[in-house]
Amino acid sequence: SVVFPFLVSELVLMGRYPHFDFHPSDHDYYVAEMALKKVGMWEFASRVFTTLSGGEQQRVQLARVLAQIWDVPKGILFLDEPTTGLDLLHQHQMLELAREFTQKGFCAVVILHDLNLAAQYADQIVMLRSGRIEAIGRPQEVITVETIKHVFNLNVWLVEHPELDCPMVIPQQHQFSNRH
């Protein structure tokens, strides 16, 4: 949580702190700019962070993280619910960005509660229940009617994504209400 009136550019530059002692180099400024451009927030660089919407703040925080790992070989990108507060377009852009970094040799560990997003973007899924691993594997192996019923106590239908080789989860509505 950021309460001080940092400029967006200042906040992203904080991601470079591990890479310099007292003063950022031109390279650090360049990386911060590139990270902001990567998340589509460069035009907000001179805005005060706390004046941004929740989704914009989320994207700036991702830029800060990207600035930190930008030039670290085989870095690890940890994202805890990175799609919170984002509209549908930016949710997919966020996860595409994580995928892009994995294609550059990074490891991305992403915590998601949206099984459909996880199915579309994950190479491997670990499904937890009460802090215990209940299933681990490829989305097609983990996202099953039986596993979802066991982990979430939810009856679902699974359909194949029309373009991707992954299941899509549709909750059965009759279990939520007594509509007639």
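Refer to the structure above for everything that follows.
About the thresholds
Residues numbered from 1 in each chain as written. Predicted model: local features only at pLDDT ≥ 70, side-chain atom pairs only at ≥ 80, totals over all residues. Heavy atoms only, no water. Helix = DSSP H or I, 4+ residues; strand = E, 2+ residues; numbered from the N terminus. Buried < 20%, exposed > 50% of the residue type's maximum accessible area, 1.4 Å probe, protein only. Contact = heavy atoms within 4.5 Å. Lys, Arg positive; Asp, Glu negative; His and termini not counted. Salt bridge = Lys/Arg side-chain N within 4 Å of Asp/Glu carboxyl O. Polar contact = N/O pair within 3.5 Å; in protein donor to acceptor, adjacent residues only side chain to side chain. Expected span 1.5 Å × (residues − 1). Pairing = 2+ DSSP bridges. Core = buried A, V, L, I, M, F, W, Y, C linked by side-chain atoms within 4.5 Å.

Draft legend 1. Inspection of the overall build of the protein chain at higher detail. Along the backbone of the protein chain there are 7 helices and 6 strands. Listing every helix and strand of the protein chain by position from the N terminus yields α-α-α-β-α-β-α-β-β-α-α-β-β. C-alpha extents for the protein chain along the principal axes are approximately 60 × 40 × 35 Å. When each of the 180 residues of the protein chain is scored for burial, the buried share is 38%. Taking contacts inside the protein chain between residues at least 6 apart in sequence as the whole, the part at least 24 apart equals 52%.

Draft legend 2. Inspection of the side chain of arginine 59 at higher detail. If you trace the backbone, arginine 59 turns up in helix 3 (residues 54-69). We note that arginine 59 is buried and unpaired, the nearest opposite charge coming from glutamate 43 at a distance of 5.4 Å. Here valine 39 takes part through its backbone oxygen, which lies 3.1 Å from a polar atom of the side chain of arginine 59. When neighbours within four sequence positions are excluded, arginine 59 is seen to be in contact with Val39, Gly40, Met41, Leu86 and His90.

Draft legend 3. Expanded view of the environment of valine 65. Summarising the element assignment, valine 65 is placed in helix 3. Residue valine 65 is classed as partly exposed on the basis of its relative accessible area, which comes to 22%. Taking C-alpha positions, valine 65 is 35 Å from valine 145, a pair spaced 80 residues apart along the chain.

Draft legend 4. Structural view of helix 3. Taking 1.5 Å of rise per residue, 16 residues should cover 22 Å, and helix 3 covers 23 Å from first to last C-alpha, within 8% of that figure. Those residues of helix 3 hidden inside the fold are in contact with helix 1 (8-13), helix 2 (26-38), strand 1 (76-80) and helix 4 (88-103).

Draft legend 5. Representation of the pairing of strand 3 (residues 125-129) in the model. Bridge count for strand 3 against strand 4 (residues 132-137) is 5 bridges, and the pairing is antiparallel. By the bridge assignment, valine 126 is partnered in strand 4 with isoleucine 136. The loop that links strand 3 with its antiparallel partner strand 4 comprises 2 residues; one of these, serine 130, has a positive phi angle of about 55 degrees.

Draft legend 6. Highlighting the pattern of salt bridges. Evaluation of the coordinates by the stated rule reveals 7 salt bridges. Of the charged contacts in the structure, one is a salt bridge between aspartate 71 and arginine 16, with a shortest N-O distance of 3.1 Å. With aspartate 71 in the loop between helix 3 and strand 1 and arginine 16 in the loop between helix 1 and helix 2, this pair connects stretches of sequence that are 55 residues apart. Judged by relative accessible area, aspartate 71 falls into the partly exposed class, the value being 36%. Linking lysine 38 and glutamate 100 is a salt bridge whose minimum nitrogen-to-oxygen distance equals 2.6 Å.

Draft legend 7. Main features of the nonpolar core. Core analysis: the biggest nonpolar cluster contains 28 residues, and Val12, Val60 and Leu66 have the highest contact counts within it. Residue assignment for this core shows that the elements contributing at least two residues are helix 1, helix 2, helix 3, strand 1 and helix 4. Apart from the residues within four sequence positions on either side, leucine 66 is in contact with Ala35, Lys38, Val39, Leu77, Leu97 and Phe101. Core analysis: the second largest hydrophobic core is formed by 19 residues, Leu112, Val142, Ile143 and Val151 among them.

Draft legend 8. Inspection of the side chain of threonine 144 at higher detail. Along the chain, threonine 144 falls in the loop between helix 6 (139-142) and helix 7 (145-152). The class of threonine 144 is buried, set by a relative accessible area of 18%. Among the polar contacts listed, one links the side chain of threonine 144 to the side chain of threonine 147, at a separation of 2.7 Å.

Any functional reading would require information beyond the geometric quantities listed.
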